[in-house]
Amino acid sequence: MLIRRCLKVLLWGLLLLVVLLAGTWWLARMQLEALGVEQLEVSGVEMGWNRLAFDAVSLTWTGEGSSVVLETLGPAITMDWADWQLDRLVARSARIQQLTAAGPEASNPAPGAEALRLTLPDSVPFWLPRHLSVNNLEANFPCQGGQCRFSGALLFDRNDDSATAQVDATLARGDQTLTIAGDVQLGTGTDTVPGGDLAIGGLFPWLSPLVSAQWHPLLPHSATLRFTPLAGSAAEGDWPVAVTLTTEGGAVPGFEGDLVLHTGDNWRLDVSGGRLTAALEQWQQAGWVLDDVRLDMPLSGQLSPDSSRVRLGPGAVVQVRHLDPLSAAELMWLDKLALSGAGLVLVHRNGDLQVEGPVQLSIGEVRHNALVTQGWQLAADLMWAGALTVDGTLVNDVGARLPLRVRYHPAQGVQGTGTMTLDAGNQANQLAETLKAWPGSLTIEEGEARLAGELTWHPESPLTADATLTFAGASGLYEEMAWQTLSGQVQASLANDRLTIGTSDLGLAELNPGMPIGPVRLAGTYGAALAQPMAGELVLESAQAGFAGGTLSVAPHIWQLDRMPIRVPVTVQGLQLSRLMNLYPTEGLAGEGTLKGELPLMISDRGVRIEGGHLSALPPGGRLQLPADKLQAMAATNEAMALVTRAMEDFHYELLESGISYSEDGTLVLDLQLRGSSPGVDSDRPVVLNINLEEDIPALLTSLQLSGRVNEAVTERVRERLQQDGVDTQ
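As the structure is a computational prediction, the values presented were derived from the model and not from experiment. Residue positions are given per chain, counted from 1 along the sequence in the order it is written. Reporting in this predicted model follows two pLDDT cut-offs: at least 70 for local features of residues, and 80 or more for side-chain atom pairs to be given and counted; totals over whole chains, interfaces and linings ignore these cut-offs and use all residues. Side-chain measures here rest on the full set of heavy atoms in the structure, leaving out hydrogens and waters.

**Focus: the overall build of the protein chain**
Line of reasoning, step 1. The secondary structure content of the protein chain amounts to nine helices and 42 strands.
Line of reasoning, step 2. In this description, contact between two residues means that some pair of their heavy atoms is separated by no more than 4.5 Å. Partitioning the contacts of the protein chain with sequence separation of at least 6, the portion at a separation of at least 24 is 47%.
Line of reasoning, step 3. Looking at the protein chain as shown, the accessible area adds up to about 41200 Å², and 57% of this sits on carbon and sulfur atoms. Elements are defined by DSSP. Helices are runs of H or I of four residues or more, strands are runs of E of two residues or more, and each kind is numbered from the N terminus. Under the convention used here, a 1.4 Å probe and the Shrake-Rupley method define accessible areas, while residue burial counts only the protein chains that appear.

**Observations regarding the pattern of salt bridges**
Line of reasoning, step 1. Only one rule defines a salt bridge in this text: a Lys or Arg side-chain nitrogen within 4 Å of an Asp or Glu carboxyl oxygen. Summed over the entire model, instances satisfying the criterion amount to 18 salt bridges.
Line of reasoning, step 2. With a shortest N-O distance of 2.9 Å, Asp270 and Arg268 are connected by a salt bridge.
Line of reasoning, step 3. Throughout this description, buried means an accessible area under 20% of the type-specific maximum (1.4 Å probe, protein chains only), exposed means over 50%, and partly exposed covers the range between. Overall, the relative accessible area of 16% leaves Asp270 in the buried class.
Line of reasoning, step 4. Of the residues examined, Arg268 reaches a relative accessible area of 28% and is grouped as partly exposed.
Line of reasoning, step 5. A single salt-bridge network, built from bridges that share partners, covers Asp80, Asp87 and Arg130.

**Considerations on the nonpolar core**
Line of reasoning, step 1. Counting residues in hydrophobic clusters, the biggest one holds 42 residues, and the most contacted among them are Leu624, Phe651, Leu656, Leu674 and Leu689.
Line of reasoning, step 2. The leading source of residues in this core is strand E35 (residues 566–576), at five residues.
Line of reasoning, step 3. Those residues in contact with Phe651 that sit more than four places away from it in its chain are Gly622, Arg623, Leu624, Leu674, Arg675, Gly676, Ser677, Ser678, Val687 and Leu689. Working definition of a nonpolar core: buried Ala, Val, Leu, Ile, Met, Phe, Trp, Tyr and Cys residues. They are joined through side-chain atoms within 4.5 Å.

**Focus: a nonpolar patch on the surface**
Line of reasoning, step 1. Together, Val42, Val45 and Met47 make up an exposed nonpolar region whose accessible area comes to about 300 Å².
Line of reasoning, step 2. Within the fold, Val42 resides in strand E1 (residues 37–43). Residues qualify for a patch when their relative accessible area is over 30% and they have no salt bridge, like charges being joined within 9 Å and the nonpolar side chains of Val, Leu, Ile, Met, Phe, Trp and Tyr within 5 Å.

**Description of the environment of Val345**
Line of reasoning, step 1. The topology assignment puts Val345 in strand E21 (residues 345–349).
Line of reasoning, step 2. On the accessibility criterion, Val345 (10% relative accessible area) is buried.
Line of reasoning, step 3. Separated by 32 residues in the primary sequence, Val345 and Gly313 have C-alpha atoms spaced 9.6 Å apart.
Line of reasoning, step 4. When near neighbours in sequence (up to four residues on either side) are disregarded, Val345 contacts Arg309, Val310, Arg311, Gln354, Val355 and Glu356.

**Describing unusual backbone geometry**
Line of reasoning, step 1. With an omega of 0°, the peptide bond between Gly518 and Pro519 qualifies as cis.
Line of reasoning, step 2. With respect to the helices and strands, the residue Pro519 is situated in strand E31 (residues 517–529).

**Topic: the side chain of Asn512**
Line of reasoning, step 1. With respect to the element layout, Asn512 can be found in strand E30 (residues 498–512).
Line of reasoning, step 2. Given a relative accessible area of 7%, Asn512 falls into the buried group.
Line of reasoning, step 3. The term polar contact refers here to a pair of N or O atoms within 3.5 Å; inside protein, the definition further demands a hydrogen-donor-capable atom paired with an acceptor-capable atom, and it admits residues adjacent in sequence only when both atoms are side-chain atoms. Only 3.2 Å separates the side chain of Asn512 from the backbone nitrogen of Met515, close enough to count as a polar contact.

**Comments concerning the packing of aromatic side chains**
Line of reasoning, step 1. For this analysis, a ring pair means two rings from Phe, Tyr or Trp (six-membered ring only for Trp) whose centres lie within 6.5 Å, classed as stacked if their planes differ by under 30 degrees, edge-to-face if by over 60, and tilted for the remaining angles. Applying the stated criterion to the full structure yields two aromatic pairs.
Line of reasoning, step 2. With a centroid separation of 5.9 Å and 55° between ring planes, the pair formed by Trp288 and Trp457 is classed as tilted. Here Trp288 is found in strand E17 (residues 288–303), whereas its partner Trp457 is found in strand E27 (residues 443–458), with 169 residues between them in sequence.
Line of reasoning, step 3. Lysine NZ or arginine CZ positioned within 6 Å of the ring centre and within 35 degrees of the ring normal marks a charge as sitting over the ring. The ring centre of Trp206 lies 4.2 Å from the NZ or CZ of Arg173, which sits over that ring.

**Focus: the pairing of strand E40 (residues 651–662)**
Line of reasoning, step 1. Here a strand pair is declared whenever DSSP counts at least two bridges between the two strands. Summarising the sheet, strand E38 (residues 607–617) and E40 pair through five bridges and their orientation is antiparallel. Counterpart to His614 in the pairing with E40 is Gly659.
Line of reasoning, step 2. Summarising the sheet, strand E39 (residues 622–625) and E40 pair through three bridges and their orientation is antiparallel. Bridging across to E40, Gly622 finds its partner in Tyr653.
Line of reasoning, step 3. As paired elements, E40 and strand E41 (residues 667–677) share 10 bridges and run antiparallel to each other. Counterpart to Tyr662 in the pairing with E41 is Leu668.
Line of reasoning, step 4. In sequence, E40 turns back onto E41 through a hairpin of four residues, with Gly666 there showing a positive phi of about 95°.

Here it is, written out as structure tokens:
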């Protein structure tokens, strides 16, 4: 009877247990279905007092446009009933596969969709197991238009106050593999700020699709990330960490600084004390080769999904040892570049980048065929908003200052404009030490000259430039000549490696090398290859100068300066003998009459000479007077010279002709033929005189310059030159 009663109680207990288990299973299935779990399969169940194990568990979850399958082998759960805690969750392997990718509406959310939300738990969730271990975790999911595969081991340990996660895995996409290894430590209580180290390898194939090919040489191959909680308490929902990022490969970019991640609906990352560094041995960009590139950028700012703002701090600089053209067609080389950007502000909003602030550019040496090699510096305000604008002042080592405005557009290249005013106080001499074609001894003492230029450069075409030099009543010195009241414009252009200089109407009131010449009018052009600037083509449209009451002119002509010597015929008209005699530094020398003729100048590398020149007097002739004391020594011993001396004291000529020759050494020879009469010679026949005169023109001009006939500044230049040559000028 007792046995029957016990069996009855046991049967009822078993029935109740079955009903309880069935109800629990039904409730669990209902809950899993509510969570989107459509299929759950288990096999090989093993139960103990505090342990539940399976040979395999698989489930299928569907939701938000995708279907995920989870399969595990050998999962086991261990409970700590004393603390009602999940103590251990281990599995030999786990496999996660996303079967159906999210639809277009999920991958491309509509405008106005909720921004990314970052939230953090107040503490380590109690339901997490104290120990989680998966020896082999695999996951497959869509990424960047293909399938990505995650595989590796995962280990998680925690206690009541902290937790540590360790990962050693790979992420593969096709034949591209990213390795991830390291550990992360979470804080205690509400202070859940993480710390840890992560090593990531195989970065380049994953980063390269994100940027254009020109930036690929800068991308790293591997990285190490270390983050440490900052001291002090953190506000709720904030993660303050000190971050150090080091990389290998590419430009080896690195970062260190303090970050505060504000979580929630509108997450934000604050950066303070940040420092971004990079270094690259060589980089080809926009038709140039950059050697030994160094970047050091102290920075601070804020980053968020909607907008970001970063400000560069003191010491922010990009340095380049050499910047050389990739094409031999370019003729400019830059050395020791340093671009400083302290105070520069970068703003990223709605996918657009804006940069604004002050910059300083220093170039140790600029080498170009048209420039004197030296250093240059630029202080400017910079603006980037799809195109770059630089507005500032360019200064070189000798002090030449050029206010300029430069604009760069990726499709249009570089366009720049600049202006400069040359006057008595500044830059004429500085330009001589800047531009190779600028005359070294040219100075401005009065008036001014305004220089305005434009420059255009594109990587696929040579440098082009245009400049206009406008003279407004400028006066000054050139070598040992004085020039006064220069007016007009000179245009210069550089295109297709060819230099062109021209003027349509350049006027000079006077040019005085010792004998005043003026006014001077000039129009013409000169063009030459930049590689051979002195072997070009000179096209003269008009040239005329006043001299001694008459004119010197050159007819329009074209000369090729690479075919030396060149012949320049100078036509002489209306030359007044009286004014010409007044120029000669001899007392008592006088004359009257009007001369004409031609002086064929032959110009070569050796200098200037005249061959076959001639002058003649216009009818009815004129008068010549030569002081007798100049010829007395020869007249005393020569009867013929005595006759010449008497005749030249007051000679009335009806014919005056002279052959003229001039050699490169400065010797002028006149073969003078005179016919006429003189009161000092009693003769019924005309007196005919043939006189050969020789003059050292450089010595004559030096004498005139020293006499003060030009101005004191020219006299001083001549004295300095003579003293350098060892000549006593006292």
